Amino acid sequence: MKLIGTLLLVASLYGSACAQSRELTEASHALYRGEHDRASAIARQYLKLHPGSAAMHVMLARAELAANHPEPAIVELRKALAVDPRNVDAHYYLWLTTKTQAQKEYQKLFAMAPDYYRVHQLMGEAALAADRLTEAENEFRAALDAKPNSVEVLAELGNLKRSQSKYDEAIEYYTKAEQAGPLNYDTAYGLGVCYTFTEEYDRAVHYLRESIRIDPVSPDARLALGSAWVQNGKFEAAVPELERAVQLDPHMNRAYFLLARAYQRLGRKEDAATALKKAQQGQE
């Protein structure tokens, strides 16, 4: 009896899979013919009986997008991801839809208030992503002219200057950001890293500890604090921070190199060899 039950279950599942395949194919063909209403109807009918079909939720979302209905498309894509969080098609169409919506909202914002500081901030971020650093700085400065005490823009200018190794200028922007509002992660982390490079280790440690207080699971902050301790010759203090960094992100090669150095200076030769081996493996 158990065998018969198993066979019936397998047959049922196989039948459902075949039915979905047929319905998906039919809906797909309708979509490619430009019959998005037909594709939508097929998908909706199937989902009434099989609401857990991620593939059919994606199909319905595609039909909604073809009909220029982005909001219901996003709803269907989120349903697909609730069923199958690793569904590549659902992630792709969700990214595409939200990107398009974001662009439309930006265009509305630009039309309504072209000199609004957020517009310049967004333009600066876009230029930064395209590695147009001079343009990015100009846009961030324009944003700052429109809103001089914007903590976010001040921090972004600090990040930009830090990326160019202009640590004194970065510190000026970060300090203004700290004075303009509550200390946030970007400002605390940026100040900590900059003070490490200017060899002001007490200040570096203070701000890096603040960044960890704000975000206790940031591997970058742990690495930066461990690095500051190593450079200041405080190897015992560095070890727990660097160990925590590689726990949070096992692929941080620099953390392993620094751990190897700290272990070596503390006489822990076997631990140093293990850390160095992991660092070298990560480079292969």
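It should be noted that the structure appears before, not after, this text.
This is a predicted model, so every value here is computed, not measured.

*Asks:* Tell me about the pattern of salt bridges, residues and numbers included.
*Replies:* Once their charged atoms are close, side chains differing in charge can pair, the charge on each being opposite to the other. If you walk through the whole model with that rule in mind, you get 13 salt bridges. The salt bridge involving Asp271 is made with Arg268; its shortest N-O contact spans 2.9 Å. Assessed through its relative accessible area of 32%, Asp271 is described here as partly exposed. Residue class for Arg268 comes out partly exposed when judged on its relative accessible area of 33%. The network of salt bridges with common partners includes Glu137, Arg141, Lys161 and Glu169.

*Asks:* Can you lay out helix H10 (residues 185–197) for me, pointing to particular residues and giving the numbers?
*Replies:* For H10, spanning 13 residues, the distance from its first C-alpha to its last is 18 Å, which sits close to the expected 18 Å at 1.5 Å a residue. For H10, the secondary structure elements touched by its buried residues are helix H8 (151–163), helix H9 (167–180), helix H11 (201–214) and helix H12 (219–231). Downstream of H10 by a residue or two, Glu199 has a phi angle that is positive, lying close to 65 degrees.

*Asks:* Explain the packing of H11 against H12 residue by residue, including any values.
*Replies:* Contact pair H11 / H12: the axes reach a minimum separation of 9 Å and the direction vectors enclose 160 degrees. Classified by the angle between their axes, H11 and H12 sit roughly antiparallel to one another. The interaxial crossing formed by H11 with H12 has left-handed handedness. Between H11 and H12, the contacting residues are Tyr201, Ala204, Val205, Leu208, Arg209, Ser211 and Ile212 on the first element and Ala221, Arg222, Ala224, Leu225, Ala228, Trp229 and Gln231 on the second. Each residue belonging to the contact of H11 with H12 can be placed in one class, and the counts come to 10 nonpolar, two polar and two charged.

*Asks:* So what about the side chain of Ser227? Which residues, and what values?
*Replies:* Within the secondary structure, Ser227 sits in helix H12. Owing to a relative accessible area of 7%, Ser227 belongs among the buried residues under this scheme. Side chain to side chain, Ser227 and Arg254 meet in a polar contact 3.1 Å long. With sequence-adjacent residues up to four places away left out, Ser227 is seen in contact with Leu242, Arg254 and Leu258.

*Asks:* How would you summarise unusual backbone geometry if you had to cite specific residues and measurements?
*Replies:* Here the phi dihedral of Asn68 falls at roughly 60 degrees; this positive angle occurs in a residue that is not glycine. Checked against the element boundaries, Asn68 lands in the loop between helix H3 (54–66) and helix H4 (70–83). Its identity as a non-glycine residue notwithstanding, Asp131 has a phi of 65 degrees, on the positive side. Tracing the chain through its elements places Asp131 in the loop between helix H6 (117–129) and helix H7 (133–146). You can call Asp131 exposed: its relative accessible area is 59%.

Definitions and cut-offs
Residues numbered from 1 in each chain as written. Predicted model: local features only at pLDDT ≥ 70, side-chain atom pairs only at ≥ 80, totals over all residues. Heavy atoms only, no water. Salt bridge = Lys/Arg side-chain N within 4 Å of Asp/Glu carboxyl O. Buried < 20%, exposed > 50% of the residue type's maximum accessible area, 1.4 Å probe, protein only. Helix = DSSP H or I, 4+ residues; strand = E, 2+ residues; numbered from the N terminus. Expected span 1.5 Å × (residues − 1). Contact = heavy atoms within 4.5 Å. Axes fitted to C-alpha atoms, helices over the stretch in contact; angles between N-to-C directions. Parallel < 35°, antiparallel > 145°, perpendicular 65-115°, else oblique. Left-handed = near helix turned anticlockwise from the far one by under 90°. Nonpolar A, V, L, I, M, F, W, Y, C, P; charged D, E, K, R; others polar. Polar contact = N/O pair within 3.5 Å; in protein donor to acceptor, adjacent residues only side chain to side chain.

Keep in mind these numbers describe shape, not what the thing actually does.
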